[in-house]
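Letter by letter, the chains look like this.
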Amino acid sequence: MPSYTAPVADTLFVLNEIVGLDRLANIPGFTSASGDIVAAVLEEGGKFAREVLHPLNAVGDQIGCKRNDDGTVTVPPGFKEAFDQYVAGGWTTLHAPEEFGGQGLPMVLALSVEEYFTSANHAFNMYHGLTGAAVSAILAKGDDALKQKYVPKMVSGEWTGTMNLTEPHSGTDLGLIKSKAEPQADGSYKISGTKIFISAGEHSMSENIIHLVLAKTPGAPAGSRGISLFLVPKYFVGDDGSIGAHNAVSCGSIEHKMGIHGNATCVMNYDGATGWMVGEEHKGLAAMFIMMNHARLGVGLQGLAQAELAYQQAVHYAMERRQGRALTGPAEPDAAADTLFVHPDIRRMLMEGKAITEGLRALCIWGALQVDLVTLAPTEEERQAADDLISLLTPVIKGYGTDRGFDVTVMAQQVFGGHGYIWETGVEQAVRDARIAMIYEGANGVQAMDLVGRKLPANGGRAIQAFFKLIAEEVALGKAEPATASVAEALEKANQQLQAATMWLMQNAMTNPNNAGAASYAYMHIMGIVAVGMMWLRMARAAQVQLNAGVGNKAYLEAKLVTARFFAERMMPDAGALRRKIEGGAEVLMALPPEAFLTAA
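Read on for an overview of the structure.

Calculation rules
- Residues numbered from 1 in each chain as written.
- Predicted model: local features only at pLDDT ≥ 70, side-chain atom pairs only at ≥ 80, totals over all residues.
- Heavy atoms only, no water.
- Helix = DSSP H or I, 4+ residues; strand = E, 2+ residues; numbered from the N terminus.
- Salt bridge = Lys/Arg side-chain N within 4 Å of Asp/Glu carboxyl O.
- Buried < 20%, exposed > 50% of the residue type's maximum accessible area, 1.4 Å probe, protein only.
- 1 Å grid on protein atoms, 1.4 Å probe; cavity = no way out; pocket = protein on both sides within 12 Å on 5 of 7 lines; lining within 4 Å.
- Points joined across faces, edges and corners; volume = space filled by probe spheres on them.
- Nonpolar A, V, L, I, M, F, W, Y, C, P; charged D, E, K, R; others polar.
- Expected span 1.5 Å × (residues − 1).
- Contact = heavy atoms within 4.5 Å.
- Polar contact = N/O pair within 3.5 Å; in protein donor to acceptor, adjacent residues only side chain to side chain.
- Phe/Tyr/Trp six-rings, centres within 6.5 Å; stacked < 30°, edge-to-face > 60°.
- Pairing = 2+ DSSP bridges.

1. Let's talk about unusual backbone geometry
With a phi angle near 55°, Ala 200 is a residue other than glycine that sits in the positive phi range. Along the polypeptide, Ala 200 turns up in the loop between β5 (189-199) and β6 (208-216). For Glu 441, which is not glycine, the phi torsion reads 60° and is therefore positive. Assignment of secondary structure puts Glu 441 in the loop between α12 (427-435) and α13 (444-455).

2. Regarding the pattern of salt bridges
Considering all chains together, one arrives at 31 salt bridges under this definition. Salt-bridge contacts for Lys 469 lead to Glu 473; the nearest nitrogen and oxygen are separated by 2.7 Å. Within this pair, Lys 469 and its partner Glu 473 are both found in helix α14 (residues 462-479), separated by 4 residues, close to a single helical turn. Lys 469 sits in the exposed class, given a relative accessible area of 54%. Relative accessible area serves as the criterion here: at 38%, Glu 473 is assigned to the partly exposed category. We note a salt bridge from Glu 558 to Lys 554, for which the minimum N-O separation is 2.6 Å.

3. Considering empty space enclosed by the protein
As enumerated under the stated definition, the model contains 1 cavity of 30 Å³ or more in all. The calculated volume of the largest cavity comes to roughly 30 Å³. Every residue along the wall of the largest cavity is listed here: Tyr 311, Ala 314, Met 349, Leu 350, Gly 353, Val 408, Met 411 and Ala 412. For the lining of the largest cavity, the secondary structure elements donating two or more residues are α9 (284-320), α10 (344-376) and α11 (380-416). Among the residues forming the lining of the largest cavity, the class breakdown is 7 nonpolar, 1 polar and no charged.

4. Examining helix α17 (residues 554-571)
Relative to the 26 Å expected for 18 residues at 1.5 Å per residue, α17 spans 25 Å between its end C-alpha atoms, a close match to the ideal helical length. Within α17, the full set of buried residues consists of Leu 557, Lys 560, Leu 561, Thr 563, Ala 564, Phe 566, Phe 567, Ala 568 and Met 571. The secondary structure elements touched by the buried residues of α17 are α1 (8-19), α10, α11, α15 (485-508), α16 (513-549) and α18 (574-583). The N-cap of α17, judged by a side-chain oxygen 3.1 Å from the amide nitrogen of Ala 555 a few residues on, is Asn 553.

5. A closer look at the packing of aromatic side chains
Under the criterion given, the structure shown has 13 aromatic pairs. With a centroid separation of 5.8 Å and 35° between ring planes, the pair formed by Phe 83 and Tyr 86 is classed as tilted. Within this pair, Phe 83 and its partner Tyr 86 are both found in helix α4 (residues 79-88), separated by 3 residues, close to a single helical turn. Pair check on accessibility: Phe 83 and Tyr 86 agree, each one buried. Taken together, the ring pairs connect Phe 48, Phe 79, Phe 83, Tyr 86, Trp 91, Phe 117, Phe 124 and Tyr 127 into an aromatic cluster.

6. Topic: the layout of surface pockets
Each pocket or cavity is described by its volume, and for the second largest pocket that value is around 810 Å³. What lines the second largest pocket is a set of 30 residues, among which Arg 23, Trp 366, Leu 470, Glu 474 and Arg 538 lie closest to the centre. Those elements giving two or more residues to the lining of the second largest pocket turn out to be α1, α10, α11, α14 and α16. The residue makeup of the lining of the second largest pocket, split by class, is 18 nonpolar, 3 polar and 9 charged.

7. Observations regarding the pairing of strand β4 (residues 180-183)
For β4 and β5, the ladder comprises 4 bridges, and the chain directions are antiparallel. Bridge pairing in β5 links Lys 180 to Ser 192. What sits between the antiparallel neighbours β4 and β5 is a turn of 5 residues, in which Gly 187 has the positive phi angle 95°.

8. With respect to helix α6 (residues 122-129)
Burial of α6 is extensive: 7 of the 8 residues sit out of reach of the surface. Every buried residue of α6 is listed here: His 122, Ala 123, Phe 124, Asn 125, Met 126, Tyr 127 and His 128.

The following block contains the structure:
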C-alpha cells in the first residue's frame, strides 16, 4: 500500500532559512511561534497526516460519498471519526484570531501543516478547507452580530463553511447568476436558487454548515455590480448558540467526479432559505473575493501537496523496481537487473519532481508570510509592500503551482510504467485528485488573465516593479557566492525574459486586447519560473552558508545545491521559449472561424 511521510525537515529549513522565523519573533502573531513550538506542531501534524488521514485516502477514493433519499450525505467510513480527532486536536484553530477561540499563530505555520493534511487526504481536508476562508469574509465584512454568532464555532471546527458561487448557467461569469434574495421585515432575506459544484455542501461531519451564498436582491443592477453576499446556515442558530430547525436548503444531488471522491461535491437547492446579508448590498463580489483569494492560495498548496505525495511514491518505486541495465554498464552485476534509478530519463522525471515540490513549498510558505505581513508588519510601508507582492503572486501560486503540481503527478505515474495506471499502486489517484486544482477557485486561464489584466497594471505597475527589484537584489547576492553564481545568472536571464515579455504586453495589449489574452498563460508560467527560481537561489545560498559553517545535515544541504543547479540549468531556460510564444501575438490564435474547428466529413 502507498505511504506518506510529511517533509518536516524541508519545511523547517524553509521556515528558518527562507522565512527567518527568528527575525520575526517580535512581530505580533509570531511571538508564540518559537522554534520548539513550530517543530512540535509540524511533527504532530505530520504524525496525524501519516497515521490517521492517509490510511483513509484510498478508502475515500474507492467508496466515495452517497446521497441518501432524505437529502443527507454519507461520507466514507472512518472520515467522521478522523474529523472528530482533527477537531479535538485543535487543528482548526491554528491561524484563527484568539478573540474567537483561535490560537493566533502565523499563517506560515498553519499553511505548512495544511500541506501535510492535503497530501495525506485531499478529499478529507476539503471538509474544513473553506471554513477559514469563510471566516475571513465574515470578519472582514460581517456585522458584529454575525461574527459573534457564527465565527467561534467555525473556528473550533464544530461548524464548517462553504462558498456558493457557481450556478448551472454561470461559472466564471458570475454576473449571470439567477439566485434571488427577497428582503424580509426582520432584516433577513429569503434565498432561492440552485448552486452547483459546492465542495462539502452537505455532510454529517460537523453539527452545522454555514453557507456563504451569492444572490441578487430585487431591482439589483445587471451583471456583477448587482451581486450581494448572504450567510445561510444549514440549521438555524439560537441566540444562545443552540442548534434549531433545518433551514430551507438541501442537497439535490452529489457530483460523480474524476477524483476527490471522498468529498461531497453537491448541487445545493435554496427554496426560500433564510439568510443574512454579509457586508453592503450589491458589493457581494468584493466580499466573496476575500474568501476566494484565501482559497486560491490554498488551492496552489493543493498542487504542491499532490505532487509531494506522488513524488514520494515514485521515489520508493524507483528504488525497488529492477528493469534493464545502466547505459554505462551493470550497476549491480550480481542482481538480475538494476533499479530504475540508473536510467537518465527516470532521473529526469524524479529530479523535476524534487525541484518543483521543494521550490513550490518555499514559494507557498513565503507567500503565506506576505499574507501575515499585510496585517502584522510594523509599518504601513511594509504592509503595503507585502500586499503588493501577494496580490501579484496569488494567481501565479494558484495557476503555475497547480499546473506544475499536476505535471509531477503524471511524471510519477510514468515512473511506475503500467503499474502506475492501475488503482492499487495509489499514484493514479494522485493524478485524478490533482486535476481539479487546475479548475476550481478560478480555472488557471482565468488566473492568467487576472495576472495580466488586473495585477500587472494595478497602481501603475507598482507590484511588478517591486518584484523585479527583489529579483535583482537576490541575483546580486547570489553572484557574490561562487557556489551559487551559476544559479543567480540563470535567474537573471529568466528575469530578463519576464521583463521583455512585460514590455511587449505594455506595447501591444492596449492596441489589441486579444494580445493580452493570448499571452497571459505563457506569461503566468514565466513568472512562476522566476518566482520559484528566486526560492531556489535563496535556498542554495542558505545551504551554502550552513555548509561553510559546518552545521546542518551535509547530505541534505548538498542535495539542495544540486537541485538548485538542476532547476537553473534544465527548467529556467523555458522562460525564453515562453517569451517567444508571447511575442507571437494573437493573430494566428484568433484567425480561424469557429466552424473551421469542426471535423470535416
